[in-house]
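Topology and contacts: notes
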Amino acid sequence: MTRFLMTTALALSFAAPVAAATVAEGDVLDDTQEYRFWMLDALKSADPHKNTSKDGSQIVRQLFEGLMTEDGNGAMQPGVASEYTVSDDKTVYTFTLRPDAKWSNGDPVTANDFVYSWRRLADPATASEYAWFIELMNVANATEVVKGEQPPEALGVKAIDDHTFEVTLKSPTPHFEKTLAFPSTYPVNQKVVEEFGTDWTTPENIVSNGAFVMQGHNVGVDITMVPNPEYWDRDSVILDKVTAVTVPDANIGLTRYQAGELDRVQPPSGQFPRLLKEFPDEAVARPYACTYAYLLNLTDTGNPAVQDQKIRRALALAVDRDVLVGQVLQAGQQPAYGWTNEAIEGFTMPELDMAKMTQADRLAEAKAIMEEAGYSASNPLKLDLMYNTSEEHRKIAIVVQQMWKQIGVDLVLNNLEWKVYSDRMNSQQYEVVRSGWCADYNEASTFLDYFRSTGYNVGKYNSEAFDAVMDASKTSDDPAVEYAEAERILAADVPYVPLYQYTKVDLIKPYVKGLPEHNVMDAWYAKDIYITEH
Amino acid sequence: MFGFILRRLAVAIPTLLLLIIFSFLLMHAAPGGPFTQERALPPQVLANLEAKYGLDDPLWRKIVDYVWGIVRHFDFGPSFVYPDRTVNQIIAAGFPITLTYGLLSFILAVVVGVTLGAAAAIRQNTWLDYLAVGVSIGAQVLPNFVMAPILVLVFTLILGWLPGGGWSFQNPDYWIMPVIALGTSYMASIARITRSSMLEVLSSNHIRTAKAKGLPARKIIMRHALKPALLPVISYLGPAFVSMITGSVVIDMYFSTGGIGKSFVDSALNRDYAVMMGVTILVGALTILFSLVVDILYAWIDPKIRY
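Residues numbered from 1 in each chain as written. Chains lettered and ligands numbered in written order. Predicted model: local features only at pLDDT ≥ 70, side-chain atom pairs only at ≥ 80, totals over all residues. Heavy atoms only, no water.

**Observations concerning the UniProt feature "transmembrane region" (unreviewed entry) in chain B**
- UniProt records the feature "transmembrane region" (unreviewed entry) at residues 101-122, 142-162, 174-193, 229-255 and 275-301 of chain B, using the numbering of this structure.
- With 100% helix and 0% strand, residues 101-122 of chain B has end C-alpha atoms that lie 31 Å from one another. (UniProt positions renumbered as here; feature names shortened; annotations may be inferred. Helix = DSSP H or I, 4+ residues; strand = E, 2+ residues; numbered from the N terminus.)

**Brief notes about helix 6 (residues 144-158) of chain B**
- Here helix 6 of chain B is 15 residues long and its end C-alpha atoms lie 20 Å apart, about the 21 Å a rise of 1.5 Å per residue gives.
- Its buried side turned inward, helix 6 of chain B meets helix 7 (250-258) of chain A together with helix 7 (173-202) and helix 11 (249-254) of chain B.
- Once helix 6 of chain B finishes, Gly160(B) follows within two positions and takes phi at roughly 65 degrees, a positive value. (Expected span 1.5 Å × (residues − 1). Contact = heavy atoms within 4.5 Å.)

**Some remarks on unusual backbone geometry**
Residues and elements named next belong to chain A.
- One non-glycine residue, Lys90, adopts positive backbone phi at about 60 degrees.
- One can find Lys90 in the loop between strand 4 (81-86) and strand 5 (92-97).
- By relative accessible area, which is 28% here, Lys90 ends up partly exposed.
- Backbone geometry places Gln428, a non-glycine residue, at a positive phi of 55 degrees.
- Judged by relative accessible area, which is 12%, Gln428 ranks as buried. (Buried < 20%, exposed > 50% of the residue type's maximum accessible area, 1.4 Å probe, protein only.)

**A short note on the UniProt feature "domain: Solute-binding protein family" (unreviewed entry) in chain A**
- Mapped onto this numbering, the UniProt entry annotates "domain: Solute-binding protein family" (unreviewed entry) at residues 76-455 of chain A.
- Between the end C-alpha atoms of residues 76-455 of chain A there is a gap of 26 Å, over a span that is 29% helix and 22% strand.

**Digging into the domain arrangement of chain A**
Residue and element names in this part refer to chain A.
- Along its sequence, chain A is carved into domain 1 (2-242 + 509-531) and domain 2 (287-504).
- Measuring from the centre of the C-alpha atoms in domain 1 to the corresponding centre in domain 2 gives 34 Å.
- The partner domain 2 presents 19 residues to the 17 residues of domain 1 that form the contact.
- Area buried by domain 1 at its contact with domain 2 is led by Lys178, Val520 and Met521, which between them contribute 38% of it.
- Counting across the domain 1 and domain 2 interface gives two salt bridges.
- Note that Lys90 is salt-bridged to Asp477, the shortest N-O span being 3.4 Å.
- At the junction of domain 1 and domain 2, the tally comes to five residue pairs in polar contact (both at pLDDT 80 or more).
- Examining the composition of the side of domain 1 that touches domain 2, we find that three residues originate from one element, helix 4 (residues 132-136), more than from any other.
- For the side of domain 1 that touches domain 2, the class distribution of residues is nine nonpolar, four polar and four charged. (Domains from an automatic or database assignment. Buried area = accessible area lost by both parts, 1.4 Å probe. Salt bridge = Lys/Arg side-chain N within 4 Å of Asp/Glu carboxyl O. Polar contact = N/O pair within 3.5 Å; in protein donor to acceptor, adjacent residues only side chain to side chain. Nonpolar A, V, L, I, M, F, W, Y, C, P; charged D, E, K, R; others polar.)

**Let's talk about the pattern of salt bridges**
- All told, the structure shown has 29 salt bridges over all chains when counted by the stated rule.
- Across the pair Asp440(A) and Arg39(B) runs a salt bridge whose closest N-O atoms are separated by 2.8 Å. Of this pair, Asp440(A) sits in the loop between strand 16 (432-438) and helix 15 (445-448) while Arg39(B) sits in the loop between helix 1 (2-29) and helix 2 (43-53), placing the two residues on different chains. Here Asp440(A) matches Arg39(B) in class, with each residue buried.
- For Asp65(B), the salt bridge goes to Arg61(B), with nearest N and O atoms at 3.5 Å. Placement of the pair is Asp65(B) and Arg61(B) together in helix 3 (residues 59-73), with a separation of four residues, close to one helical turn.
- Residue classification places Asp65(B) among the partly exposed residues on the basis of a relative accessible area of 36%.
- Through salt bridges with shared partners, one network takes in Lys54(A), Arg264(A), Lys504(A), Asp506(A) and Asp522(A).

Below, the structure is given as structure tokens:
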């Protein structure tokens, strides 16, 4: 049954035109079809298996194509794979690769390319920083291969024939399909990688299978991409050129955007409200799958007071999130009472009691808890907050400091440089730490797996009940039920103080069309974009 | 003279070695490493990375391997943050850019600075002097991180004359703002030093003698005053030249030039050990070289100095 449904669903979406650049009615195309977007930093690597940055992913997405791609809502669309089937026990996926998928040198993209590429991602010799992604996908033997206990050939991937790629998972994994558009899973061309070594990503050498190819790369200045003539869906690509421009200063980025040198920039921190007034057609804030929170260190190195669930609840209650998002951040962010970002596809936050209360009630309860525990203005609970250098983090910290002061908490602000901050956070040398967690794929487990006893979980929250619910979600027919239960457990245990859900703010020229409006992962594909007359 | 140069070059090698060891130790004493991030890497992934880059070796071994790589193959190692590139490639890509705008900036600063300073001294307490002093103080107090965004605002947004950033070796339009923004404060310093030194020289005995024997003013200044007056300027120019051609993080950031100046700060923040060492050695070697050049120039200018 499952097999039939899955195959049919995807075969259908293949039959319908794939969502590549469909020009809306009434739009007149401009003569110059060039899209220029802003990047903060130089591209670290165009190698899909070595790239680690979000900006870099946007480039890799144009140059390469994985088994799946996404539409404007972030829903999975066929990429190199035209369809796939799932075994009844949900552990074997068989992908049919489209026969017309080609590399930019004209070679066909085959199942062996995917076998080589996924093994390469896991291979310790590659030393990919994202090797963990293949473990996250739960491909059979991934962990053993990454650890070096098994050879890369032991990875659960197989080429049945040139156009049939089979993946065996360790256990059923509901989010597996959602990972297939992620850049780390993209194929690379074995011949080219082996011939040129680390130099294979230069414009002269690179061979890719995406809608665009790299034409030029001035390191730290710009990257130009032009349509790949061999791309299977070349006819739907409208843009003639895509340029990524590095501007390491957001204010200059804004000036250059206003001067017409860029079509999309991220405004400097704190300027969004002003820009929204000045450029209402260009300033946009869209939900973005990240949650901002203060994590509490629950180990012996933390503050002993936060071992008490009631104190933790008081800390969470005392924050007025409406003030935070409405007065401080002012860019459409949403108050967070739970962990999973509510814009995640297929996820509905259960009704949490804290979300329903009025702020006056929350504050009253928080005060009562703290009084009962013996804390007051004259005898405050002293807590240390660690955050990395950023104007925004500092502002939020000051606001929370004031809010917690009302319940008898003396929050000491401790600003650290990024590496020191990261190092201390991950070795539990903190009491309270600011943290933002962003989705790796558009499904709730990317958030909820965090708090498993084996998850990233830098506060070392450890709940058997929570682990059990998350285990159950993996084989559940409707994991949304388990996810809601997991959120309820978190809300009761309060291992962290949720603050707000991110938005992605941008200035986009009104003549740029086809950027996804509802993709909470902020992944976009230049093959969907076109420029209207202006 | 020749022996002096040889001796100085011989001393440069242990100096550089000390610089390497000292920087290496300082760098490794800083908390965190190239792969430290908010979302910590799983231990097995981190172990693979450390093995690949030799980060799991003891510190002495790392230093020995590093120096040996430089001596044997002139190989400064791979970047940890830019996995497709080696330090040699990063420097080869970024240094020509900073060298270009740095050199032009240097020429601009010296020509304008010396002219302004000398003119001010010669016409001391006239409007020309006040103007020169005013300009140089103005240029000095306006730091380049203020000046750079103003330049972009004026020349790119308002006037639309120049591109707001980027780099091209073919198109000088991209060079203009970096050259001005980098050169201005150096120009101001050079003008001030030239002026005060020139004033001192102009009141010295040999100038009075020259005037007494009836030499024309132009000859006095060009032949007898300017050369000795430049002595303090030259000692300033040595290190200034090095810091100009190795670029500036401010220029590279505001004008997106892709130069090596930004690598200094980035590599330190990213703990990109190899890149940080590479740029440190580059600056170290250039500093040693140009302080030697300055010493040689001294001997040429001042007949009293002999090595």
